[in-house]
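Below, each chain spelled out in residue letters.
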Amino acid sequence: MRHPTDGTLRRLLDEPAGVADADREHVASCPVCLPALAAAHQDAALTGAALDVELAVDVDTAWSRLTRAVALDGRRRLPAPPPARRWRAALRSPLIAVLGVVALLTGASAAAAADWLQIFRTEQIAPVTITQADLVALPDLSAYGTVEIIQDVDVRESADAAAAEKATGLSVPRVGELPRGVTGEPVYRVGGRVSVAFTFSAERAAETAAAIGETLPAPPPGLDGSRFRLNAGPGLAAVWSEARGVPALIVARAVAPTAYSSGIPFETASDYLLSLPGLPEGVASQLRGFSGDGTTLPLPVPAGQLTSSTADVGGAPATVLTSRDGVLAGVVWVDDGVVTTVAGSLSADEVLVVARGLRP
Amino acid sequence: MSTPPGRGAVRVDLEQVFRSAYPRVVAVAARVLGSRDEAEDVAQEVFLTFGRSSVPAGEARGWLSVAAAHTALNHLRSGRRRASREEAAGGNDAVCADVAETVVTLDERRRVRAALARLPRKQAVALVLRHSGLSYAEVAAALDLSPGSVGTTVRRAESALRKELNRHASSD
């Protein structure tokens, strides 16, 4: 019989069970194979010794390090274009979902109509403080009906400012003077319009209420099966990055959200929605406080992470958000149906200087 | 090897996999690099990638080991290693020499790394994985080899490594 290969001899050292019986028996009595097996054993032992390491690792410390790296990596990914599924995920998130419905219905004054009728137009933005407990308690939009993506967002990089303007029909805001520490040319990103339809279902809402041991109040006539459409965008953003990839400054602009309805008395619907079981009272009361003209977009502000204050940008009331660790700040305002944001790893004063110095 | 990572999302089993596999991943990288500090850097890099991947949980062990071996070999070859670390590692990383007449000195360890860097990539990875305790079946799956050829690949690598070490030892 022919001799087993060097590979078989090698495996005989580690996993004899993986070698055929016939080969094992052959090697045991073969004057050619036995020395080859010994040589293989010697090389394996030498390699094992050369490569061997004995080291103690601190898994807890290493895990902390990885957690920080993941967080940093997440921030570094901020300017990445949000894929469609993130929008879908956002729509499924309780916060966005409920605020979407509330934005649709909050104090809208228009009466029902057979055609799509604009019921909400963002003219200003107001912060709504959301606690961690609220977030947990807020129901999903699908708890009230069905959601359908009519037009998905399509975010992509744009060659330059002119291309971004052409793609969106919006003017790119020009930054007068970059804050200290921000240098270089920005990367431009553009996104198309996103459009979402929502159909209210009294049955679904009743199931949701029952699941938390509550009874659904009787819906006002006409609400069951009524449809709403929420549009936002297109938009563009100029992003300046630090050497490590963390966005140092973002200047973004988008056509502000508008909402349309296929027909329902909105004051009634709004009152009804805000009374639904499952909506935390702290959030509902803030929303009830908005003016009833259908022009205020609620901006969710996580209570533990951001603080909000007000300011003035070119005559428009603006909301300033600052992270509690003081690392990030942003300012957002609406002017003529267009929402503009300036944010970055900057102080609140710095983002305001940039915002007020923007040239349209 | 892995499917594209889910953007932004970190896999939910990351901590569980990390805690069970971290020592092994560091050990694989340390066999290539001979330094614990550098091996831990490599392990961080590997787990960061893994955290964004959708590698099935059942394949995590093999995937992480192969990724650690490749990443560590890349570090070796790209010259990212720093001499100071090599020196400093002398005190930290106990490199055991069990075989008679083989005293693995700092200098010898350097030769081992240089020899590893010169091996064909597949041989180097198979060698490191096998000496890190992966079975022939696991090495075969990880490197897309037949289990029968793992022995051949490892044997060739060991023979080449011995020749490299002897050549340098005799030329001193």
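Residues numbered from 1 in each chain as written. Chains lettered and ligands numbered in written order. Predicted model: local features only at pLDDT ≥ 70, side-chain atom pairs only at ≥ 80, totals over all residues.

## As for the overall build of chain A
Part 1 of the argument: Looking only at helices and strands, one finds twelve helices and 15 strands in chain A.
Part 2 of the argument: Per-residue burial over chain A gives 37% buried out of 360 residues.
Part 3 of the argument: When contacts within chain A are restricted to residue pairs at least 6 apart in sequence, those whose partners lie at least 24 apart make up 73%. (Helix = DSSP H or I, 4+ residues; strand = E, 2+ residues; numbered from the N terminus. Buried ≥ 20, exposed ≤ 12 C-beta atoms within 10 Å, placed from the backbone. Contact = placed C-beta atoms within 7 Å.)

## Comments concerning the overall build of chain B
Part 1 of the argument: Scanning chain B from terminus to terminus reveals eight helices and zero strands.
Part 2 of the argument: The order of helices and strands in chain B, counted from the N terminus, is α-α-α-α-α-α-α-α.
Part 3 of the argument: Across the 172 residues in chain B, those meeting the buried criterion constitute 42%.
Part 4 of the argument: Restricting to contacts in chain B with at least 6 residues of sequence separation, those with at least 24 account for 74%.

## Some words on unusual backbone geometry
Part 1 of the argument: A positive phi angle, near 60 degrees, is found at Asp144 of chain B, a position not held by glycine.
Part 2 of the argument: Inspection of the secondary structure puts Asp144 of chain B in the loop between α7 (136-143) and α8 (147-171).

## Side note on the environment of Ala115 of chain B
Residue and element names in this part refer to chain B.
Part 1 of the argument: Along the chain, Ala115 falls in helix α5 (residues 106-118).
Part 2 of the argument: We classify Ala115 as buried; it has 21 C-beta atoms within 10 Å.
Part 3 of the argument: Those residues in contact with Ala115, other than ones at most four positions away along the chain, are Leu161, Glu164 and Leu165.

## Brief notes about the packing of helix α3 (residues 60-77) of chain B against α7 of chain B
Residue and element names in this part refer to chain B.
Part 1 of the argument: The N-to-C vectors of α3 and α7 enclose an angle of 70 degrees; their axes lie 10 Å apart at closest approach. Judged on the interaxial angle alone, α7 and α3 are roughly perpendicular. The interaxial crossing formed by α3 with α7 has right-handed handedness. For the pair formed by α3 and α7, the contact residues are Gly62, Ser65 and Val66 on the first element and Glu138, Ala141 and Ala142 on the second. (Axes fitted to C-alpha atoms, helices over the stretch in contact; angles between N-to-C directions. Parallel < 35°, antiparallel > 145°, perpendicular 65-115°, else oblique. Left-handed = near helix turned anticlockwise from the far one by under 90°.)

## Notes on the packing of α3 of chain B against helix α6 (residues 121-131) of chain B
All names here are of chain B.
Part 1 of the argument: Two elements in contact, α3 and α6, have axes whose closest approach is 10 Å; the angle formed by their N-to-C orientations is 125 degrees. It follows that α3 is oblique to α6 by the angle criterion. Considering the relative orientation of α3 and α6, their crossing is right-handed. Judged by residue contacts, Ser65, Val66, Ala69, His70 and Leu73 of α3 engage Arg121, Ala124, Val125, Val128 and Leu129 from α6.

## What to know about the pairing of strand β14 (residues 329-335) of chain A
Residue and element names in this part refer to chain A.
Part 1 of the argument: With six of its seven residues buried, β14 lies for the most part within the structure.
Part 2 of the argument: Note: β14 against strand β15 (residues 338-344), seven bridges, orientation antiparallel. Bridged to Ala329 within β15 is Gly344. (Pairing = 2+ DSSP bridges.)

## A word on the nonpolar core
Part 1 of the argument: In terms of nonpolar packing, the biggest core is built from 53 residues, with Val25, Ala29, Ala43, Ala68, Ala69 and Ala72 of chain B touching the most fellow members.
Part 2 of the argument: For this core, the element with the highest residue contribution is helix α1 (residues 14-33) of chain B, accounting for 13 residues.
Part 3 of the argument: If we ignore the near neighbours within four places in the chain, the residues touching Ala68 of chain B are Val25, Val28, Ala29, Val42, Ala43 and Val46 of chain B.
Part 4 of the argument: In terms of nonpolar packing, the next biggest core, distinct from the first, is built from 40 residues, Leu230, Leu249, Ala318 and Val342 of chain A among them. (Core = buried A, V, L, I, M, F, W, Y, C linked by C-beta atoms within 7 Å.)

## A short note on the confidence of the model for chain A
All names here are of chain A.
Part 1 of the argument: Taken over all residues, the pLDDT of chain A has a mean of 74, while the share at 70 or more is 70%.
Part 2 of the argument: Per-element mean pLDDT across chain A ranges from 37 in helix α5 (residues 84-92) up to 92 in helix α12 (residues 348-356).
Part 3 of the argument: A low-confidence stretch, residues 77-119 (pLDDT under 50), is modelled with 109 contacts involving residues beyond four sequence positions or located in other chains. (pLDDT = per-residue confidence, 0-100.)

## Brief notes about α12 of chain A
Part 1 of the argument: All buried positions along α12 of chain A are accounted for by Val351, Val354 and Ala355 of chain A. Down the axis, α12 of chain A shows its buried residues gathered within 100 degrees of arc, on one side only. (Arc of directions from axis to C-beta.)

## Focus on the environment of Thr49 of chain B
All names here are of chain B.
Part 1 of the argument: With respect to the helices and strands, Thr49 occurs in helix α2 (residues 36-51).
Part 2 of the argument: Thr49 gets classed as partly exposed once you count the C-beta atoms within 10 Å, which come to 17.
Part 3 of the argument: Remark: the alpha-carbon pair of Thr49 and Val10, spanning 39 residues in sequence, is separated by 9.7 Å.

## Thoughts on the environment of Ala72 of chain B
Residue and element names in this part refer to chain B.
Part 1 of the argument: Position of Ala72 among the secondary structure elements: in helix α3.
Part 2 of the argument: We classify Ala72 as buried; it has 31 C-beta atoms within 10 Å.
Part 3 of the argument: In this structure the C-alpha to C-alpha distance between Ala72 and Ala29, which are 43 residues apart in sequence, comes to 5.4 Å.
Part 4 of the argument: The residues touching Ala72, leaving out its near neighbours within four places in the chain, are Ala29, Val32, Leu33, Ala39 and Val42.

## Notes on the pairing of strand β7 (residues 227-232) of chain A
Residues in a regular strand project their side chains so that they alternate between the two faces of the sheet.
All names here are of chain A.
Part 1 of the argument: Where strand β6 (residues 194-200) lies against β7, six bridges are found, and the strand directions are antiparallel. In the sheet register, Val194 faces β7, and the bridge partner there is Ala232.
Part 2 of the argument: Where β7 and strand β10 (residues 258-261) come together, four bridges link them in antiparallel fashion. Looking across to β10, one finds that Asn231 is bridged to Thr258.

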